[in-house]
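Survey of secondary and tertiary structure
As a plain string of letters, each chain reads:
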Amino acid sequence: MSETKDNLLAEINIPATESFALLDTLDAADHRYIKDLKINLSNALRAQTLTEKEAILLALAVSVNQKHTRTIDSLTELALSKGATDAEITEMHALVSLLNANNIFYRFKHMVDKEYYNTAPAGIRMSIMMNPVLGKEFFELASLTVSAINGCEMCVTSHEQSVKNHGATEARILDAIRLTAIIKSLIVLL
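Description of the structure in this document.

Calculation criteria
- Sequence order as written defines the numbering, with residues in each chain counted from 1.
- Selection of residues for local features in this predicted model requires a pLDDT of at least 70, selection of side-chain atom pairs for listing and counting requires 80 or more, and totals for whole chains, interfaces and linings are taken over all residues.
- The side-chain figures draw on all heavy atoms in the structure; neither hydrogens nor water molecules are used.
- Note on patches: the residues involved have over 30% relative accessible area and no salt bridge, like charges join within 9 Å, and the nonpolar side chains Val, Leu, Ile, Met, Phe, Trp and Tyr join within 5 Å.
- Areas reported here follow the Shrake-Rupley algorithm with a probe of radius 1.4 Å; residue values treat only the protein chains shown as occluding.
- One speaks of a salt bridge when a side-chain nitrogen belonging to Lys or Arg is within 4 Å of a carboxyl oxygen belonging to Asp or Glu.
- Counting from the N terminus, the helices are the DSSP runs of H or I reaching at least four residues and the strands are the DSSP runs of E reaching at least two.
- Only protein chains enter the area calculation, which uses a 1.4 Å probe; residues under 20% of their type maximum are buried, those over 50% are exposed, and those in between are partly exposed.

1. A word on a nonpolar patch on the surface
A cluster of nonpolar side chains, contributed by Phe108, Met111, Val112, Tyr116 and Tyr117, occupies part of the molecular surface with about 530 Å² of accessible area. Secondary-structure elements contributing two or more residues to the nonpolar patch are helix H6 (86-112) and helix H7 (115-119). Broken down by element, the nonpolar patch gets its largest block of residues, three residues, from H6. Position of Met111 among the secondary structure elements: in helix H6. Residue Met111 is classed as exposed on the basis of its relative accessible area of 60%.

And the structure:
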C-alpha cells in the first residue's frame, strides 16, 4: 500500500487497512491516477466556498445516490464529527430519494416534450423542499448535485437558478459540482 492511497482513503474516513480491488490494482501499479485523485479529492473537500460539513454532506449525497454502503457509513461518521446533526444526515438521504423520483419524472417530460405531459401536474409530494433542515440554499445546492449525477437537464437548470436565487455564487455551484464528480469517480474504484 502506498502512502498516497492511505491518504486518499483517510480523506473519506476509511482506514488504510481496507482493501478495494480496483483501487488496489491501480495502487500496486504505482499509477499516477491515484496521485491525481488524491489531489483532486483534497482540493474539492477544501473548496473555499464550502464548509467542511457542507463538503462532507455533499459527498454523502453522492454515496447515497450511488448506493455505496461503505462510503455512506464512513461519510456519515465524518459528517457527525464535523458538526452535522442526525436530522441533517437524514435529510440528505430523503433529498437523494426525492431527487431520484423527480429526476426520472422530469427527464421523461423533457425527453418526450408533449403538451399533455408538460402541463399535467407532477403529483409528487415534495414537502421537505419547503422548509429544509439544511436551509433552502444548501438544500437546492445538494439537489443540483444529485440532479447532475442523474442527468436531468430540466432539474439541473431549475436547481442551478434556484440556488443562485438563494444567494449562491457560480463559484460555489462549480465547487459543489466538482466535488460531486470527484466523489463519484472515487466510488467507481471502491
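2. Thoughts on unusual backbone geometry
One non-glycine residue, Asn13, lies in positive phi territory at about 70 degrees. Among the structural elements, Asn13 can be located in the loop between helix H1 (3-11) and helix H2 (21-28). Positive phi outside glycine occurs at Lys67, with the angle close to 55 degrees. The topology assignment puts Lys67 in the loop between helix H4 (52-65) and helix H5 (69-81).

3. Brief notes about the pattern of salt bridges
What the rule picks out here adds up to 11 salt bridges. When the shortest N-O distance is used, the salt bridge between Lys38 and Glu11 registers 3.1 Å. With Lys38 in helix H3 (residues 32-45) and Glu11 in helix H1, the pair connects residues that are 27 residues apart, well separated along the chain. Residue classification places Lys38 among the buried positions, given a relative accessible area of 17%. Glu11 is the salt-bridge partner of Arg46, the closest N and O atoms lying 3.0 Å from each other. With Arg46 in the loop between H3 and H4 and Glu11 in helix H1, the pair connects residues that are 35 residues apart, well separated along the chain.

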